[in-house]
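# Coordinate inspection notes
Residues per chain, in single letters:
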Protein chains: 2
Amino acid sequence: MKISFDSQLKQYRAMINEYLESVEFDSDDNIVARAMAYSIASGGKRIRPTIAIACADALDGDREMALAFGCAVEMIHTSTLIHDDLPCMDNDDLRRGKPSCHKKFGEAYAVLAGDALLIAAYDIIAKVEDEKKAMEFVKVLSEASGVRGVGGGQGYDIAAETTSADYDMLMKIHSGKTAALILAAARGGAIAGGERPDFFKEYALSLGLAFQIRDDILDFEGNEEKLGKRTGVDVANNKATFVTVLGMQSAKAALERETDRALESIQKLGDKGEFLRSLALHLRTRDN
Amino acid sequence: MKISFDSQLKQYRAMINEYLESVEFDSDDNIVARAMAYSIASGGKRIRPTIAIACADALDGDREMALAFGCAVEMIHTSTLIHDDLPCMDNDDLRRGKPSCHKKFGEAYAVLAGDALLIAAYDIIAKVEDEKKAMEFVKVLSEASGVRGVGGGQGYDIAAETTSADYDMLMKIHSGKTAALILAAARGGAIAGGERPDFFKEYALSLGLAFQIRDDILDFEGNEEKLGKRTGVDVANNKATFVTVLGMQSAKAALERETDRALESIQKLGDKGEFLRSLALHLRTRDN
């Protein structure tokens, strides 16, 4: 029986949230563990694990393995959000409408919780029984999360606050900050599906770019209530975004172009690609 | 030809420093990569990788593999030092006589460099060809570095600053902060030596405890010039240490007892255990 995109999306999210809630970081007297659980439970779109599972499903692959890997990626993502919110970084008091980790637990615990979530991601992979695949996951995760991936992208992001960023710099920031973990999620899904890691590479890169452009547009045109966060923050923080660098019209054209590219790249999948197609269309017009 | 303990120690350190210097984090325009290299190059005793290699050597094991794993542990250790020095943690401006990472590069880059060094440790392990051993290394590293190891220990350390810590709490702090990575190093050496991971467990736990007690004693009785850091810091920061909790006399007795235990636990190795024996004796009386 075929189910609708919305139902499938909800089903994926429910699986992901169930998995993440089942992870016990440590006993409750460990404040670091409590801070980790707080940030992991604070929701979000779970877009990265959704991509991992959907890619594996499109290949009739091992869904449980993709779920585990996707949740590892989500932990890395959550770690970067905790550290991004710190006063020395973006200094955000709110995350998804709730106090950010350091507002709730203090800065020191937020630093430690972010660190421990990076390690917790590898803890998940350490439980994958197929050692060959497990090591492929380790490689994908490390490449995406390290100084050449997320870490480097955040560094360029900081540097860009005090210089005027051009398109090349913007792509450098984006390749690390957003694209790296979305690509990692798709790679994990491909591995769990028995394919070479880069099977969904074009899809993931275009989808990641479209996702970021939409994010940047929403910071200008979005509805604060629907978004659950303030808008206009990028300009206030002198951030380099696709809207500030390209202008709104070109940013919207780029969003269309990247969505089309993502769709094209998975034509080869036929019916199996239906969820991934709907996801690209959904993200193009999302309002939160 | 038998070489002296001092020569062997120097040889190990030279191997370790050569390995660590050979790691290219990323291009020089990436400030995060520069901050990582700065902190990795800032020296230190390299005690963790030394233990990894020495344990493998005592088993006639794979020295190159132990070196790689030991350097992964050293990266995790360096990451924790960078984050420990942050203003929201111990607020230390100096590390081994040089500006700490955040004094040199700013807080944001120090946060990112610490994060990226955690990931870089797994990058090293991703290059180990034997997938079965590589996954054992991932497990050992994750267990030691996560919220149940280093991360949790640091958390208890913060909590103890505002409460009066007893011996149980001190051991909780210590088990994470120092013992976890020393045990991980010994486990890596055992794996590279073809033994079960816990082959050197008693040795590592006693050595780790002795190492920490000596550290706490030196904060009271040490020579600032030889140590390359200020003394009296623990009391000033209201830190729970073996000296503040046990008293100096009992701390010194515990140091002797743990050193003896470490020595006893490796009697089984005979001549092969000579370096490990000398190391325990050396650490007992070290003045830096």
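Residues numbered from 1 in each chain as written. Chains lettered and ligands numbered in written order. Predicted model: local features only at pLDDT ≥ 70, side-chain atom pairs only at ≥ 80, totals over all residues. Heavy atoms only, no water.

### Details of the environment of Arg96 of chain B
Residues and elements named next belong to chain B. Residue position: Arg96 is located in the loop between β1 (94-95) and β2 (98-99). Assessed through its relative accessible area of 31%, Arg96 is described here as partly exposed. Considered as a pair, Arg96 and Lys229 are 133 residues apart in the sequence and their alpha carbons are 6.4 Å apart. (Helix = DSSP H or I, 4+ residues; strand = E, 2+ residues; numbered from the N terminus. Buried < 20%, exposed > 50% of the residue type's maximum accessible area, 1.4 Å probe, protein only.)

### Let's talk about the relation of the copies chain B and chain A
When chain B is fitted to chain A, the best match, at an RMSD of 0.0 Å, comes from turning it 180° and sliding it 0.0 Å along the axis. Here the symmetry operator amounts to a two-fold rotation axis. Most of the interface of chain B is mirrored in chain A: 100% of its interface residues are interface residues there too. (Least-squares fit on C-alpha atoms with pLDDT ≥ 70 in both. Contact = heavy atoms within 4.5 Å.)

### Some remarks on the packing of aromatic side chains
Under the counting rule described, the total for this entry stands at 13 aromatic pairs over all chains. Between Tyr12 of chain B and Phe275 of chain B the ring centres are 5.0 Å apart and the planes differ by 90°, which places this aromatic pair in the edge-to-face class. Of the two residues, Tyr12 of chain B is situated in helix α1 (residues 5-22) and Phe275 of chain B in helix α15 (residues 274-285); the sequence distance between them amounts to 263 residues. Taken as a pair, Tyr12 of chain B and Phe275 of chain B share a single burial class, namely buried. In this structure an aromatic cluster arises from ring pairing among Phe5, Tyr12 and Phe275 of chain A. (Phe/Tyr/Trp six-rings, centres within 6.5 Å; stacked < 30°, edge-to-face > 60°.)

### Notes on the pattern of salt bridges
All names here are of chain A. Within the structure shown, the criterion is met by 38 salt bridges over all chains. Note that Asp215 is salt-bridged to Arg286, the shortest N-O span being 3.1 Å. Here Asp215 is found in helix α10 (residues 201-221), whereas its partner Arg286 is found in the segment after α15 (274-285), with 71 residues between them in sequence. Given a relative accessible area of 24%, Asp215 falls into the partly exposed group. One salt bridge connects Arg261 with Glu258, and the closest N-O pair in it is separated by 3.1 Å. Taken together, the residues Arg261 and Glu258, both in helix α14 (residues 248-265) and three residues apart, mark about one turn of the helix. Taking relative accessible area as the criterion, Arg261 reaches 44% and is therefore assigned partly exposed. Judged by its relative accessible area of 4%, Glu258 falls in the buried class. Each of Asp84, Asp90, Asp157, Glu161, Lys177 and Lys239 takes part in salt bridges that share partners, so that together they form one network. (Salt bridge = Lys/Arg side-chain N within 4 Å of Asp/Glu carboxyl O.)

### Thoughts on the interface of chain B and chain A
Each partner contributes residues to the interface: chain B has 47 residues there, and chain A has 47 residues. Interface of chain B and chain A: buried area, both sides summed, is about 3,900 Å²; carbon and sulfur atoms make up 67% of it. Contact with chain A buries area across many residues of chain B, yet Ile119, Met135 and Val147 of chain B alone supply 16% of it, more than any other trio. If you look at where chain B meets chain A, you find four salt bridges. Taken together, the elements giving at least two residues each to the side of chain B that touches chain A come down to α2 (31-41), α4 (63-85), α6 (107-125), α7 (131-145) and α8 (150-161) of chain B. Tallying contributions element by element places α6 of chain B first for the side of chain B that touches chain A, with twelve residues. A per-class count over the side of chain B that touches chain A returns 25 nonpolar, ten polar and twelve charged. (Buried area = accessible area lost by both parts, 1.4 Å probe. Nonpolar A, V, L, I, M, F, W, Y, C, P; charged D, E, K, R; others polar.)

### Describing unusual backbone geometry
Phi is positive for Asn91 of chain A, close to 55°, though the residue is something other than glycine. Looking at the secondary structure, you find Asn91 of chain A in the loop between α4 (63-85) and β1 (94-95). Positive phi is not limited to glycine here, since Arg46 of chain B has a value of about 55°. Relative to the helices and strands, Arg46 of chain B resides in the loop between α2 and α3 (47-58). The class of Arg46 of chain B is buried, set by a relative accessible area of 4%.

### Examining α1 of chain B
Along an α-helix, residues three or four positions apart point the same way, because every turn accommodates 3.6 residues. Residues and elements named next belong to chain B. The end-to-end C-alpha separation of α1 is 26 Å, in line with the 26 Å expected for 18 residues at 1.5 Å each. Those residues of α1 lying buried are Phe5, Gln8, Leu9, Tyr12, Met15, Ile16 and Leu20. For α1, the angular spread of buried residues about the axis comes to 125°, placing them on one side. α1 presents Asp6, Lys10, Glu18, Glu21 and Ser22 as exposed residues on the side facing more than 90 degrees away from its buried surface. Packing partners of the buried residues in α1 comprise α2, α3, α4 and α15. (Expected span 1.5 Å × (residues − 1). Arc of directions from axis to C-beta.)

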